[in-house]
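# Secondary and tertiary structure notes
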Amino acid sequence: ETLYLALGGGIGSFVWVDTLRIYGVRPEHIRVISIARKPYERYERLLTNCQIPRWKRIRSGSDSCPDNIWGWPGYALRDAWRSFFSGRLLEAFGFLWQVFSEPLLADTYTPRAGDVFASMDREAARIGWEQMLCYGHIRAIRKTEDGRYVVAYSATRPGHTDHRFMVAKYLHLATGYPAIKLLNDLQEFREKTGDLRSVVHGYEPHDHVYEQLEKQGGTVLIRGFGIVASQVMERLYEARKVNPRISVVHLSRAPKSGNRFGRAKRAVDNHWEFQPFNWPKGTWGGVLRAKLEAATPLERRELLEAWGGTTTASRRKWRRIVRQGLREGWYSIVFGKVESVVPGDKGKPVTYIRGTHNNTQLKVEADFVIDCTGLVSDPMTNPLLNDLITHYNLPLNPHGRLHVSNDFELVEMRNRDGRMYAAGIITLGGPYAPVDTFLGLQYCAHRSVEHLARLRAPGVKGLEGIRSLWQWCKWALNISP
Ligand SMILES: Cc1cc2nc3c(=O)[nH]c(=O)nc-3n(C[C@H](O)[C@H](O)[C@H](O)COP(=O)(O)OP(=O)(O)OC[C@H]3O[C@@H](n4cnc5c(N)ncnc54)[C@H](O)[C@@H]3O)c2cc1C
């Protein structure tokens, strides 16, 4: 039995538990059920698969600090501090200049993955994360008759079956992306041929693609124009330094001219559409956040469609690689709709495309196809969420995700004083656009814990004025909250 229970154990759970701890809840009243020891374990696995090792920069701002709910000092200041004391003064100044002038005069600052993980390790130790962690696969969630919730989970390890229950009064659900799913035509190719090597998803391990290309050369077909496609392009560019006989064909449905919203228009360069983060910055805390929160569910869908879409970060290096590829002829962009992907004579994937311009059929024979179109966020594909939604007949929002209140509560799961909250991609389409970002997850945590404070939930004190300053000092001095 416990009071507060976080389900998932990823970054969303981590920032919720961090917020609870800072708001005064003691670690013995919090439990986390997870299959991962580190809160960033799944995130790091996905990053590594899409070619972002620890030393590379991710796609969030300086103030998106999952280790620090105040967001200050941000990662840029910490980077500048480190560089300054290592004697690299120009580099230190460069980071400060970036956050001062981004995105107009400099590329937007983003932290290194490894620095974010190190900062989360420090915060995890400070709040006693390991002490609260229980290993387990969550199977089902049910309301109890005494105003609480019971969670069935399996802590089975090889050779040892172990099924358990945990009972809690307040639940927080953050299970992240339910699955990785290939585009339908690529999935069909795989099912027909059983070939898991030539058609790959950018989020699954696919280092063999680069290894083979570096040895033998070949052609790669990329589908999707998001940040993963940019990372894959950079990796292919590096592979071309080892073996220049590599060519890249990039498939796009139609030429891009830049999404518009009111008088704003996104920048486009060679059909790559740019935005520093996956949502316009005003959706985190500006006027767009307020607008979305005030909108009806259907209006929210329209707004999210206008603000969202596929974009990548505008980084000088990536823009240069694309221009160089087009100029030298090893990179080309093809416009059209895929009709089928079938095995060619040598078993390689052949993609038949109906051209956008003249409706003719194009044929692209490639050694590898890399699907960079994203992850699946339909909650019905996750057995746990499917069971919860079906059993309690939970409403979904127009995006098909869990319907939450402005405080991220699953209102239909109320059980007398018991409350259940959700966060992350499973709530997309609700009151907040960037739910699947570090800062967005912190916002969800802030709203739900403030809600708990208003309900006078046990141990949750406010975090106003002096108390906030005091807690920040404890953070800065690395003292337990
Ligand atoms: C490749 C990639 C790069 C990203 N880069 C950025 C970035 O630069 N900046 C940014 O702000 N955001 C970024 N994001 C978005 C977001 O911050 C991350 O996806 C983040 O990890 C989401 O946290 P989460 O807790 O919702 O999900 P996760 O971190 O994925 O955690 C969910 C956890 O729940 C567990 N789980 C699910 N079901 C069960 C079950 N039944 N039983 C037990 N455990 C279960 C999973 O195993 C996982 O450990 C990125 C996302 C991806 C995929």
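Computed from a predicted model, the values in this text were never measured in an experiment.

Turning next to the site of the ligand. Around the ligand, the surrounding shell holds 27 residues, and the nearest of these are Gly12, Arg59, Ile138, Asp436 and Phe438. Backbone polar atom of glycine 8 to an oxygen atom of the ligand: 3.2 Å apart, as the coordinates give it. Its free accessible area being 970 Å², the ligand has 90% of it covered by the protein chains. Listing elements by their share of the shell around the ligand, those giving two or more residues are helix H1 (11-22), helix H2 (41-49), strand S4 (137-143) and helix H15 (438-454). At four residues, the largest contribution of residues to the shell around the ligand is made by H2. Residues of the shell around the ligand, tallied by class, amount to 14 nonpolar, 10 polar and three charged.

Geometrically, a packed helix pair is captured by the angle between its two axes and the distance between the axes. Across the interface, H1 lies against helix H5 (residues 113-127) with an axial gap of 11 Å and an inter-helix angle of 45°. Judged by the angle between their axes, H1 and H5 are oblique. Handedness of the crossing formed by H1 with H5: left-handed. Of the residues in H5, those in contact with Ile11, Phe14, Val17, Asp18, Arg21 and Ile22 of H1 are Met120, Glu123, Ala124, Arg126 and Ile127.

Looking at chain direction, S4 and strand S5 (residues 149-154) are connected through six bridges and run antiparallel. If you follow lysine 143 over to S5, its bridge partner there is tyrosine 149. Remark: five residues form the turn of the hairpin made by S4 and S5, two consecutive strands paired antiparallel; glycine 147 in that turn has positive phi of roughly 80°.

The next point concerns the sheet that holds strand S8 (residues 218-223). Taken in spatial order, the seven strands make up an open sheet running S7-S17-S8-S9-S14-S15-S16, and their pairing is mixed. Edge positions in the sheet fall to strand S7 (199-201) and strand S16 (361-365), since each has one partner strand and no second. With strand direction ignored, the average angle separating the axes of adjacent strands in the sheet is 40°. Bridging between strand S15 (residues 349-355) and S16 involves five bridges; their strand directions are antiparallel. From the neighbouring strand, arginine 354 faces S16, where its bridge partner is glutamine 361. Here helix H7 (residues 184-193) sits on the sheet in contact with S7, S8, strand S14 (331-343), S15 and strand S17 (368-371), set at roughly 45° to S14.

In this section: the domain arrangement of the chain. Partitioning the chain into domains gives domain 1 (2-58 + 112-178 + 377-476) and domain 2 (184-275 + 311-371). Here the C-alpha centroids of domain 1 and domain 2 sit 35 Å apart. Each side of the interface is counted separately: domain 1 has eight residues, and domain 2 has 12 residues. With both chains or domains summed, domain 1 and domain 2 bury close to 810 Å², and 50% of this area falls on carbon and sulfur atoms. Summed over the shared surface of domain 1 and domain 2, the result is one salt bridge. A salt bridge links glutamate 234 to lysine 56; its shortest N-O distance comes to 3.5 Å. Taken together, domain 1 and domain 2 are joined by five residue pairs in polar contact (both at pLDDT 80 or more). Across the side of domain 1 that touches domain 2, the residue classes break down as four nonpolar, two polar and two charged.

Scanning the model with the defined rule gives one cavity of 30 Å³ or more in all. Here the largest cavity is characterised by a volume of approximately 90 Å³. Forming the walls of the largest cavity are Ser230, Met233, Glu234, Asp269, Trp272, Phe274, Thr312, Trp318, Arg319, Ile321 and Val322. Element by element, the count of residues in the lining of the largest cavity is highest for helix H13 (residues 316-328), at four residues. Looking at the lining of the largest cavity residue by residue, the class counts come to six nonpolar, two polar and three charged.

Okay, the nonpolar core next. What tends to happen in soluble globular proteins is that the nonpolar side chains get buried as a cluster. Of all hydrophobic cores here, the largest spans 120 residues; its most connected members are Tyr4 and Leu173. Residue contributions to this core peak at eight residues, all from helix H9 (residues 227-242). Among the domains, domain 1 (2-58 + 112-178 + 377-476) and domain 2 (184-275 + 311-371) are the pair contributing at least three residues each to this core. The contacts of tyrosine 4, once residues within four sequence positions are left out, are Trp16, Leu20, Val25, His29, Ile30, Arg31, Tyr170, Leu452, Ala457, Pro458 and Val460.

Here the focus is the pattern of salt bridges. Counted under the stated rule, the structure contains 34 salt bridges. Across the salt bridge formed by glutamate 44 and arginine 54, the nearest N and O atoms sit 2.7 Å from each other. Of this pair, glutamate 44 sits in helix H2 while arginine 54 sits in the loop between H2 and helix H3 (75-85), and the two are 10 residues apart along the sequence. Among the salt bridges present, the one from arginine 223 reaches aspartate 185, with a minimum N-O distance of 3.0 Å. Placement of the pair is arginine 223 in strand S8 and aspartate 185 in helix H7, with a sequence separation of 38 residues. Aspartate 185 matches arginine 223 in its accessibility class, with the two residues each being buried. One network of salt bridges, with partners in common, ties together Lys56, Glu234, Glu238, Lys241 and Lys317.

Definitions and limits used
Residues numbered from 1 in each chain as written. Predicted model: local features only at pLDDT ≥ 70, side-chain atom pairs only at ≥ 80, totals over all residues. Heavy atoms only, no water. Near = heavy atom within 4 Å. Polar contact = N/O pair within 3.5 Å; in protein donor to acceptor, adjacent residues only side chain to side chain. Areas by Shrake-Rupley, 256 points an atom, 1.4 Å probe, with all protein chains shown as cover. Helix = DSSP H or I, 4+ residues; strand = E, 2+ residues; numbered from the N terminus. Nonpolar A, V, L, I, M, F, W, Y, C, P; charged D, E, K, R; others polar. Axes fitted to C-alpha atoms, helices over the stretch in contact; angles between N-to-C directions. Parallel < 35°, antiparallel > 145°, perpendicular 65-115°, else oblique. Left-handed = near helix turned anticlockwise from the far one by under 90°. Contact = heavy atoms within 4.5 Å. Pairing = 2+ DSSP bridges. Domains from an automatic or database assignment. Buried area = accessible area lost by both parts, 1.4 Å probe. Salt bridge = Lys/Arg side-chain N within 4 Å of Asp/Glu carboxyl O. 1 Å grid on protein atoms, 1.4 Å probe; cavity = no way out; pocket = protein on both sides within 12 Å on 5 of 7 lines; lining within 4 Å. Points joined across faces, edges and corners; volume = space filled by probe spheres on them. Core = buried A, V, L, I, M, F, W, Y, C linked by side-chain atoms within 4.5 Å. Buried < 20%, exposed > 50% of the residue type's maximum accessible area, 1.4 Å probe, protein only.

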